[in-house]
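Report on the structure
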Amino acid sequence: MSDENPSLAEASTIDEELVAYLDGELNTDQISRIERRLLDDPQYRARLNQLERTWDLLDTLNRSQADDDFAHSTVEMVAVQAVEEAKTETLRTIRRRNLGWVAIVAAVLALTGVTYGVIQNRLAQPNRELVRNLPLIERVDDYRNIDSLEFVKELEKANLFAAEVDSGD
Amino acid sequence: MLQVRGGDAGAFEELVLRYQHRLLTVLEHLVGNREQAEDLTQEVFLRVFRARDRYEPGAKFSTWLFTIANNVASNANRSRSRRREVGVPEGSNGSESAPLQLDQLAKAASSFMPTRALDKAEQAQMVRHAVAALSERQRLALLLAKFEGMSYQDIAETMGLSVQAIKSLLSRARVNLKEILTPYVEQGTPPDENKPPPQGGSKPPADDE
């Protein structure tokens, strides 16, 4: 501060340390350094005094006093809000529960449907087997007269009855 | 607060009784309007009640309370700015504290006391207007330091800033106040209307970040 025109950055640093000094935010070393400078530098001291006087002026600002019934009306307002919120929460819970029931019913219906489909499928299985084996069933009497499967295969290889097979007989 | 968390209505009322004046003081100087400050104070307590389950027992209650107050006041200021942007007129209440300029400060003080007697009421009026001329963040940091006696660390937590940022913010705030009030402090007169205001003219003082 002895310097006639400290730069803006310097001035800002000086103000920061003086304000922190006034606010009791410095450590012992920093306090000692500032107090030494305060003794030696009248401009530095003047700046501190200005900042301190301005700070003290803030004491003239009034401290608000709430009215006597302010706390009561605040608690009442909060209670009303809390009741409203509790109602909303209850409705939300009911809605959630209803949605849960809907989901359960839907799941049961889906499961029933799937089970029905599976059972139907199982029941239809023997019929499908019968249909698949129908050509065999239709000729089961003819096949009973065959003693050996090897013999039939030999006949097929020999191609003796190709004309009958081609004509579908 | 732990009892409030447990659903004790009596404890909540006790909490309101204990903090209402402090909260109202900070909010009134922050928004510059008693009626709005009362609404905001109630809003803060409502939020405290709603958030009671989220309160961590280790946390300092006043820091938590003023963090909520800071959010509520910021939201209110944003809404007010939006209303101003869309052209809704502000109330003509003289206590509204849009940042005032030095010429307004001088006029306010002159008209308040025709004889220029330097009494406490005038002094308080000058200081109130000077505080209102600070930026919102400078004002809040200053009020928390002055009225709540909060440490830089607590103010930083309340405002969601670093300790270094708070140090700069408070320094700026105090220097701005000094610039505005020095003519008054040294000569006992309101600042000269013809003298250019600090911080480069009619702009509100800038924050330090």
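Think of each chain on its own: its residues are numbered from 1, step by step along the sequence as written. Throughout, the order in which chains and ligands are written sets their labels, letters from A for the former and numbers from 1 for the latter. In keeping with the predicted nature of the model, local features appear solely for residues at pLDDT of at least 70, side-chain atom pairs appear and are counted solely at 80 or more, and the whole-chain, interface and lining totals rest on all residues.

1. A closer look at the overall build of chain A
Numbering of helices and strands runs from the N terminus, with a helix taken as a DSSP run of H or I at least four residues long and a strand as a DSSP run of E at least two residues long. Looking only at helices and strands, chain A has eight helices and zero strands in total. Each helix (α) and strand (β) of chain A, taken in turn from the N terminus, gives the series α-α-α-α-α-α-α-α.

2. Looking at the overall build of chain B
Looking only at helices and strands, chain B has nine helices and zero strands in total. Split into buried and exposed, the 209 residues of chain B put 41% on the buried side. With C-beta atoms placed from the backbone, a residue is buried if 20 or more other C-beta atoms are within 10 Å of its own, exposed if 12 or fewer are, and partly exposed between those counts.

3. Here we look at the nonpolar core
Most often, soluble globular proteins keep nonpolar side chains buried together rather than apart. All names here are of chain B. Throughout this description, the term nonpolar core refers to a group of buried Ala, Val, Leu, Ile, Met, Phe, Trp, Tyr and Cys residues whose C-beta atoms join them within 7 Å. Among the nonpolar cores identified, the biggest contains 57 residues, and Leu 27, Ala 69, Ala 141 and Leu 144 are the most heavily contacted of them. Top contributing element to this core by residue count: helix H2 (residues 9-31), with 10 residues. Any pair of residues counts as being in contact when their C-beta atoms, constructed from backbone geometry, are within 7 Å of one another. Not counting chain neighbours up to four residues away, the residues in contact with Ala 141 comprise Ile 155, Met 159, Ile 166, Leu 169, Leu 170 and Ala 173.

4. With respect to the interface of chain B and chain A
Residue-level contacts link 35 residues of chain B with 28 residues of chain A. Among the elements that make up the side of chain B that touches chain A, the one with the highest residue count is helix H9 (residues 163-187) of chain B (11 residues).

5. As for the packing of helix H4 (residues 70-132) of chain A against helix H3 (residues 34-50) of chain B
Angles here are taken between N-to-C directions and fall from 0 to 180 degrees, while the axes themselves are lines fitted to C-alpha atoms, restricted in helices to the stretch in contact. Packing of H4(A) against H3(B) brings their axes to within 10 Å, and their N-to-C directions diverge by 50°. Considering their axes alone, H4(A) and H3(B) lie oblique with respect to each other. Considering how the two elements wind past one another, H4(A) and H3(B) form a crossing that is right-handed. Residues Thr74(A), Met77(A), Val78(A), Gln81(A) and Ala82(A) of H4(A) pack against Gln42(B), Phe45(B), Leu46(B) and Phe49(B) of H3(B). Should an angle fall under 35 degrees it is taken as roughly parallel, and over 145 as roughly antiparallel, whereas 65 to 115 is taken as roughly perpendicular and any remaining angle as oblique. Helix crossings are classified by the rotation of the near helix relative to the far one: an anticlockwise turn of less than a right angle makes the crossing left-handed, while a clockwise turn makes it right-handed.

6. Focus on the confidence of the model for chain A
On average, residues of chain A carry a pLDDT of 85, and 93% of them reach 70 or more. The secondary-structure element of chain A with the lowest mean pLDDT is helix H8 (residues 162-166) of chain A, recorded at 68, while helix H2 (residues 28-40) of chain A shows the highest, at 93. The predictor attaches a confidence to each residue, and that confidence, scored 0 to 100, is pLDDT.

7. What about the packing of helix H7 (residues 136-147) of chain B against helix H8 (residues 152-159) of chain B?
All names here are of chain B. Where H7 contacts H8, the axes come no closer than 10 Å and their chain directions differ by 135°. As summarised for this structure, H7 and H8 are arranged oblique, according to the angle between their axes. Taken as a pair, H7 and H8 cross one another with a handedness that is right-handed. Between H7 and H8, the contacting residues are Arg 137, Leu 140, Ala 141, Leu 144 and Ala 145 on the first element and Ile 155, Thr 158 and Met 159 on the second. Residues were grouped as follows: Ala, Val, Leu, Ile, Met, Phe, Trp, Tyr, Cys and Pro as nonpolar; Asp, Glu, Lys and Arg as charged; and all remaining residues, including Gly, as polar. Of the residues contributing to the contact of H7 with H8, the split by class is six nonpolar, one polar and one charged.

8. Brief notes about helix H1 (residues 8-22) of chain A
Residue and element names in this part refer to chain A. Here a helix's expected span is defined as the number of its residues, less one, multiplied by 1.5 Å. For H1, with 15 residues, the first-to-last C-alpha span of 21 Å sits near the 21 Å given by 1.5 Å per residue. Here H1 has its buried residues at Ile 14, Asp 15, Glu 16, Glu 17, Leu 18 and Val 19. At the exit of H1 stands Gly 24, carrying a positive phi of roughly 65°.

9. Structural notes on the environment of Ala71(A)
Mapping Ala71(A) onto the fold places it in helix H4. Among all residues touching Ala71(A), those that are not within four sequence positions of it are Ala66(A), Glu13(B), Val16(B), Leu17(B) and Gln20(B).

10. A few points about the environment of Asn71(B)
Assignment of secondary structure puts Asn71(B) in helix H4 (residues 61-85). According to the C-beta neighbour criterion, Asn71(B) is partly exposed, with 14 such atoms within 10 Å.

11. Notes on the confidence of the model for chain B
All names here are of chain B. For chain B, the mean per-residue pLDDT works out to 76, and 67% of the residues sit at or above 70. At the low end of the mean pLDDT range in chain B sits helix H5 (residues 102-112), at 48; at the high end sits H8, at 94. Ignoring residues within four places in sequence, the model shows residues 88-103, a span with pLDDT below 50, making 26 contacts including any to other chains. Confidence drops under pLDDT 50 across residues 106-117; counting only partners more than four residues distant or on other chains, this segment forms 13 contacts. Across the interface, the model reports ipTM at 0.70; the global pTM reads 0.66.

12. Structural notes on H7(B)
Residues and elements named next belong to chain B. Compared with the 16 Å implied by 1.5 Å per residue over 12 residues, the 16 Å span of H7 between its first and last C-alpha is a close match. Burial analysis of H7 places nine of its 12 residues in the buried class, the great majority of the element. Where H7 is concerned, the buried positions are Arg 137, Gln 138, Arg 139, Leu 140, Ala 141, Leu 142, Leu 143, Leu 144 and Ala 145. Positioned one or two residues after H7, Gly 149 has a phi angle of 60°, which is positive.

13. Here we look at the environment of Gln20(B)
In this structure, Gln20(B) sits in helix H2. For the pair Gln20(B) and Gln42(B), spaced 22 residues apart in sequence, the C-alpha to C-alpha distance is 8.8 Å.

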